[in-house]
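Summary of the model geometry
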Amino acid sequence: MFNHQHTIFFTSTSLLICSISNFTLIYISLFHSKQIQGAYRRMVVMFSALGFLFSLSEFIARPFAHNYNRALILFSINDWISSKSFLEIAISVWMTFYLLIISFIGIQFLYRYICLFHSAKVRYFDGFGTVLWISYLLIPAAGFNIAFYQLLKPTDTSDDYLRKVIRENYDLEISAIARYTLALYSESNVIQWEILSLIIAAGIVLCFQYFIVIFFGVKLHFKIKEKLGTFSPCQVKIQSQIFRALVAQTVGPTLFLVLPSAPFFLTTLLSPYIDMEINWKTGWLYTLIGIYPIFDSIAFILIVSEYRNYVRSKLFCKTNKSPREFGNKISIHPIRCINTEIVSDT
């Protein structure tokens, strides 16, 4: 029963650590950062808040999964919320964060590229531009959420197919739990085209966001050294750190969100062509997924020296020290280090 019961401890612990790390990052960004300003500071704060909300939704939904031949059931093991309808919404919201997080990373890579090479266009990320790029994130995510909620609702046929499996493995009655069923094929192995269209649409959105990340990430990697040659040492340092932080933010969701879940979705899609019995408890992977928000926030704090030095100063009670006394801290006035078109965009 480890997979079923003991993951609750890891989910709760992840939420606690995530709250501390993400709110620390938000606090420094809002009240102490001098090097990260304007639209990018808003992005850092919003991305950290998104990570926290993802962890919170996982804590509430308590998602667990099971692969059984041609079906994958995603259900809640929450035992302190009685409303099944509420938990169904919580699961669909939790799934939607996948698209939101990857899309947000794509926006940040685009923004950093524009800051460095087309700084006059940075104004498009302020004012009404903020509404546009937030809408770019939310509209596809909202569409996916509605489609997920409607198309993957369980049916009598899917419940009958999975009832015995759920009872034997988890001692639960399937009709009593909040659940969604991904069954691309009917009993006669006929493709369910509505469900296939949902999978294809979600895949296209994810692939497009990764294309943006890779395209602008590669351009930044090969051109950033040439561009930074015109900057002061302080500007070079902060720009390099921000780029490394963005790369880390891409690695985080890829390792902890996409890669762990992809094989189990693919197994369901290919089940009619696999000559083997599939009866796997796959809910353990959500314990790994819960690490993602912690990884991203801590990576950002460790990579960006202004954040790292602030945390170090508080941990070692060096509140009376000047910035130049902290090892790698920039020793000249931080405001002078900021190229307003590159870092603060204000």
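Reading the values: rules and limits
- For every chain, the first residue of its written sequence is number 1, and the numbers climb from 1 along that sequence.
- Local features in this predicted model are restricted to residues whose pLDDT is 70 or higher, and side-chain atom pairs enter the listing and the counts only when it is 80 or higher, whereas totals over whole chains, interfaces and linings include all residues.
- With hydrogens and water set aside, each side-chain value is computed from the structure's full complement of heavy atoms.
- Only buried Ala, Val, Leu, Ile, Met, Phe, Trp, Tyr and Cys residues count toward a nonpolar core, and they belong to the same one when joined by side-chain atoms within 4.5 Å.
- For every residue, the accessible area (1.4 Å probe, protein chains only) is compared with the maximum for its type, and the residue is labelled buried under 20%, exposed over 50%, or partly exposed between those bounds.
- Runs of H or I in DSSP of at least four residues are treated as helices and runs of E of at least two as strands, each being numbered from the N terminus.
- It only takes one pair of heavy atoms within 4.5 Å for two residues to be counted as in contact.
- UniProt positions are given in the numbering used here, feature names are shortened, and annotations may be inferred rather than shown by experiment.
- Whether two strands pair comes down to DSSP finding at least two bridges between them.
- Simply put, an axis is a line fit to the C-alpha atoms, just over the touching stretch for a helix, and the angle between two N-to-C directions goes from 0 to 180 degrees.
- Here roughly perpendicular refers to angles of 65 to 115 degrees, roughly parallel to angles under 35, roughly antiparallel to angles over 145, and oblique to all remaining angles.
- Should the near helix be turned counterclockwise from the far one by less than a right angle, the crossing is left-handed, whereas a clockwise turn marks it as right-handed.
- In this classification, the charged set is Asp, Glu, Lys and Arg, the nonpolar set is Ala, Val, Leu, Ile, Met, Phe, Trp, Tyr, Cys and Pro, and all remaining amino acids, among them Gly, are polar.

Focus on the nonpolar core
Ranked by size, the top nonpolar core spans 78 residues in total, and within it Tyr-40, Phe-54, Leu-74, Ile-101, Phe-300 and Tyr-307 carry the most contacts. Broken down by element, this core gets its largest block of residues, 19 residues, from helix H3 (residues 84-117). Those residues in contact with Phe-300 that lie beyond four places of it in its chain are Leu-25, Ile-36, Tyr-40, Val-44, Ala-245, Gln-249 and Tyr-307. If you look at the next biggest cluster of nonpolar residues, it comprises 14 residues, including Phe-64, Ile-73, Phe-75 and Ala-183.

Quick look at the UniProt feature "transmembrane region" (unreviewed entry) in the protein
When the UniProt feature table is mapped to this numbering, "transmembrane region" (unreviewed entry) covers residues 6-31, 43-65, 85-111, 131-152, 195-222, 242-264 and 284-304. End-to-end, the C-alpha atoms of residues 43-65 are 32 Å apart, and along that stretch the chain is 83% helix and 13% strand. Taken end to end, residues 242-264 comprises 100% helix and 0% strand; its first and last C-alpha atoms sit 34 Å apart.

Observations concerning the side chain of Ser-92
Examined against the element boundaries, Ser-92 turns out to sit in helix H3. With relative accessibility at 1%, the residue Ser-92 sits in the buried group. With residues near it in sequence (within four places) discarded, Ser-92 still touches Asn-145, Phe-148, Tyr-149 and Tyr-180.

Some words on the sheet that holds strand S1 (residues 63-68)
The strand order S3-S2-S1-S4 describes an open sheet built from four strands, whose pairing is antiparallel. A single partner strand is all that each edge strand has here, and the edge strands are strand S3 (179-182) and strand S4 (279-281). The average undirected angle you get between the axes of adjacent strands in this sheet is 15°. Pairing of S1 with S4 involves three bridges; the strand directions are antiparallel. The residue bridging Tyr-68 from the neighbouring strand is Asn-279, located in S4.

Looking at the packing of H3 against helix H4 (residues 128-151)
At a minimum axis distance of 9 Å, the contact between H3 and H4 shows a crossing angle of 150°. Between H3 and H4, the angle is such that the two are roughly antiparallel. Taken as a pair, H3 and H4 cross one another with a handedness that is right-handed. Judged by residue contacts, Glu-88, Ile-89, Ser-92, Val-93, Met-95, Thr-96, Leu-99, Leu-100, Ser-103, Phe-104 and Ile-107 of H3 engage Trp-133, Tyr-136, Leu-137, Leu-138, Ala-141, Phe-144, Asn-145, Phe-148 and Tyr-149 from H4. Of the residues belonging to the contact of H3 with H4, the class tally is 15 nonpolar, four polar and one charged.

Brief notes about the environment of Leu-206
Tracing the chain through its elements places Leu-206 in helix H6 (residues 193-228). Judged by relative accessible area, Leu-206 falls into the partly exposed class, the value being 23%. Linking Leu-206 and Tyr-98, residues 108 residues apart in sequence, is a C-alpha distance of 8.8 Å. The residues touching Leu-206, leaving out its near neighbours within four places in the chain, are Tyr-98, Leu-99 and Ile-102.

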